[in-house]
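In case you want the letters, here they are:
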Amino acid sequence: MANTTLTASIIAKAAVLQLDNELVMAKKVFRGYEDEFSNSVNGYEVGSSISVKRPMDFTVRDGAVLSTQDTTEGQFTLSVDKRKGVDFEFSSQELTLDIKELSERVIKPAMIQLANQVDADLMAEYKNIPSWVGTPGQTIDSFADLAKGPERADEYANPMDGRCAVLSPADHWGMVGNLTGLFIERSANSAYRKGSLGEVGGVEVLMSQNVPTHTVGVNTGTPLTNGATQGVTYATSKDTDTQTLITDGWTSGAVTLNAGDVFTIADVYAVNPVTKATLPFLKQFTVVTTISDTSGAITLTMSPAAIPSGAHQTVSADIADGKAITVLGTDSTGYRQNMVFCKNAFALVSVPLVSPPGAVDVSRQSYKGMNVRVIPVYDGTNDVSKWRLDILYGVKTIDARLAHRISGTA
């Protein structure tokens, strides 16, 4: 069959199919917010956004007496603020190639790069996840190690369905090596022959080289909370799920807490978000914004907010004065951020970019929620066609309680 001169539409269709095929974590997160963006005929620009309601919690009434609860919902903004692209050029001769050949030679490698970027941006949301199980620095190389993730998910009453884990290559292959020694026909055979883990303990286990490394800040000294009753109410934290925490006791001028650092506060325990029962481990918090001190005292922003009572209770007791603060991990040390999560922990929104005025032969193609825009620009002097391929998307942590960082155990 004769070759057909390739157009922007043909290339865009091939590109969006390849992009979807190369995604990993992006296929396992919530995509429903794309419907909230109105169907703009001309597409969207960087910064377009929607407001999203936070999940509600309630307490159970005891007895027959009516006891109404506040149903004021928190909300946050989800913006499509990530514009990424890959640009390339073809000679007129190359544009007469079969699309399958061009897709394999050019489009697929380009889409691998874009897919990796989308997955990396989603994985970077780990900084918003305060729950971290296992021992930082230890490889996940046994079923018992991996089980720490779903175990913590159960403690926090996370849904059983749709659980996924994304592991770094080292942790993935550590688990593969472990499962090959087990007499579990389907899992062990798949692990041995294909290096695939599939579903383990109700968790679909995936591997990604995009699992980020978090470097713990420098936190020397004997840090303590500075001030009593530092807990907050849901009403004051409902939109951000953050609060400030006044602390002291750090080594003066020698401390930097990095965004994503995880810490605990003595005597402040986690609670089950459904039953409000106190759990047998300390509540973990994450540092929201990187901060350094000059005097040994720090007022940091942390998440989640410490709410000691009510339907949205997050901690067993209010934060008291002089309670020891312990940062997880070793100073200035990097740790891979594997995660176990439920679908509704994170959201990905992909929307079509605007069709710019004056552009010729613009093509915008969609497939399974992903959107690609292709625009050719002809260079008549050199007889080459330059092509720009763009995507516009946004990522957001929508319920941090549904995700957990996970390391191995010593």
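Refer to the structure printed above.
The present account deals with the structure reproduced in this document. Source: prediction; values computed, not measured.

**Some remarks on the overall build of the protein chain**
For step 1, the next point in the chain: Across its full length, the protein chain holds 6 helices and 23 strands.
For step 2, the next point in the chain: For the protein chain, the spread of C-alpha atoms along the principal axes amounts to about 75 × 55 × 55 Å.
For step 3, the next point in the chain: The burial tally for the protein chain puts 46% of its 410 residues in the buried class.
For step 4, the next point in the chain: In the form shown here, the protein chain has an accessible surface area of approximately 18900 Å², with 50% of it arising from carbon and sulfur atoms.

**Thoughts on the packing of aromatic side chains**
Aromatic ring pairs: the centre-centre distance and the angle between the two ring planes describe each pair.
For step 1, the next point in the chain: Tallying each qualifying case throughout the model produces 5 aromatic pairs.
For step 2, the next point in the chain: Ring centres 4.9 Å apart and planes at 75° place the aromatic pair F30 and Y33 in the edge-to-face group.
For step 3, the next point in the chain: Note on F30: relative accessible area 21%, which makes it partly exposed.
For step 4, the next point in the chain: Residue classification places Y33 among the buried positions, given a relative accessible area of 16%.
For step 5, the next point in the chain: The ring of F281 has R152 sitting right over it, with the charged end atom 3.7 Å from the ring centre.

**Examining helix α3 (residues 143-155)**
For step 1, the next point in the chain: The first and last C-alpha atoms of α3 sit 18 Å apart over 13 residues, in line with the 18 Å expected at 1.5 Å per residue.
For step 2, the next point in the chain: If you look at α3, its biggest bend is around 25°, right at G149, and the proline P150 turns up within four residues after that.
For step 3, the next point in the chain: Listed as buried for α3 are D145, L146, G149, P150, R152 and A153.
For step 4, the next point in the chain: A157, located one to two residues past α3, shows a positive phi value of around 55°.

**Description of the state of the cysteines**
For step 1, the next point in the chain: Per the stated rule, a full pass over the model turns up 0 disulfides.
For step 2, the next point in the chain: With no disulfide partner, C342 has as its closest neighbouring cysteine sulfur the one in C164, 8.6 Å distant.
For step 3, the next point in the chain: Judged by relative accessible area, C342 falls into the buried class, the value being 4%.

**Some remarks on the environment of T240**
For step 1, the next point in the chain: Tracing the backbone through its elements, the reader meets T240 in the loop between α6 (234-237) and β10 (243-250).
For step 2, the next point in the chain: According to the relative accessible area criterion, T240 is partly exposed, its value standing at 46%.
For step 3, the next point in the chain: For the pair formed by T240 and G74, sequence separation is 166 residues and the distance between their alpha carbons is 7.9 Å.
For step 4, the next point in the chain: There is a polar contact of 2.9 Å between the side chain of T240 and the side chain of T242.

**Looking at the nonpolar core**
For step 1, the next point in the chain: Ranked by internal contacts, the top residues of the largest apolar core, which has 45 residues, are L19, M25, F341, F346 and L348.
For step 2, the next point in the chain: At the level of secondary structure, the elements contributing two or more residues to this core comprise α1 (8-22), β3 (82-91), α2 (99-123), β5 (164-167), β18 (338-341), β19 (346-351), β21 (370-379) and β22 (384-397).
For step 3, the next point in the chain: Of all the elements, α2 adds the most residues to this core, at 10 residues.
For step 4, the next point in the chain: When neighbours within four sequence positions are excluded, M25 is seen to be in contact with D119, L122, M123, V166, M339, F341 and F346.
For step 5, the next point in the chain: One finds L257, L300, M302 and V315 within the second-largest nonpolar core, a separate group that totals 21 residues.

**Quick look at the sheet that holds strand β6 (residues 198-200)**
Working definition: the strands of a sheet are paired by backbone hydrogen bonds and lie parallel or antiparallel to each other.
For step 1, the next point in the chain: The 6 strands are arranged β4-β23-β18-β5-β7-β6 in an open sheet whose pairing can be described as mixed. For this open sheet the edge positions go to β4 (132-133) and β6, each flanked by a neighbour on one side alone.
For step 2, the next point in the chain: The sheet contact formed by β6 and strand β7 (residues 203-207) spans 3 bridges and is antiparallel. Pairing of V200 across the sheet is with V203, part of β7.
For step 3, the next point in the chain: Those strands touched by α3 are β4, β5, β6, β7, β18 and β23 (403-406), and its axis lies near 155° from that of β23.
For step 4, the next point in the chain: Against the sheet, helix α4 (residues 169-179) makes contact with β5, β6, β7 and β18, and its axis sits at roughly 110° relative to β5, the strand it touches most.

**Some remarks on the environment of V255**
For step 1, the next point in the chain: Inspection of the secondary structure puts V255 in the loop between β10 and β11 (256-257).
For step 2, the next point in the chain: Accessibility expressed as a relative area gives 2% for V255, which makes it buried.
For step 3, the next point in the chain: Taking the C-alpha atoms as reference points, V255 and G217, 38 residues apart in sequence, are found 7.5 Å from one another.
For step 4, the next point in the chain: Not counting residues within four places of it along the chain, the set of residues in contact with V255 comprises V218, N219, T220, W250, I291, S292, D293 and I298.

**Let's talk about the pattern of salt bridges**
For step 1, the next point in the chain: Applying the stated rule across the entire model yields 10 salt bridges.
For step 2, the next point in the chain: A salt bridge links K323 to D267; the nearest nitrogen and oxygen atoms lie 2.6 Å apart. Here K323, found in the loop between β15 (298-303) and β16 (325-327), pairs with D267, found in strand β12 (residues 262-271); they are 56 residues apart in sequence, far enough to count as distant.
For step 3, the next point in the chain: Residues participating in the shared-partner salt-bridge network are R83, R373, R388 and D390.

The rules behind each value
Residues numbered from 1 in each chain as written. Predicted model: local features only at pLDDT ≥ 70, side-chain atom pairs only at ≥ 80, totals over all residues. Heavy atoms only, no water. Helix = DSSP H or I, 4+ residues; strand = E, 2+ residues; numbered from the N terminus. Buried < 20%, exposed > 50% of the residue type's maximum accessible area, 1.4 Å probe, protein only. Areas by Shrake-Rupley, 256 points an atom, 1.4 Å probe, with all protein chains shown as cover. Phe/Tyr/Trp six-rings, centres within 6.5 Å; stacked < 30°, edge-to-face > 60°. Lys NZ or Arg CZ within 6 Å of the ring centre and 35° of its normal. Expected span 1.5 Å × (residues − 1). Bend = angle between axes of the 7 residues up to and from the residue. Disulfide = S-S within 2.5 Å. Polar contact = N/O pair within 3.5 Å; in protein donor to acceptor, adjacent residues only side chain to side chain. Core = buried A, V, L, I, M, F, W, Y, C linked by side-chain atoms within 4.5 Å. Contact = heavy atoms within 4.5 Å. Pairing = 2+ DSSP bridges. Axes fitted to C-alpha atoms, helices over the stretch in contact; angles between N-to-C directions. Salt bridge = Lys/Arg side-chain N within 4 Å of Asp/Glu carboxyl O.

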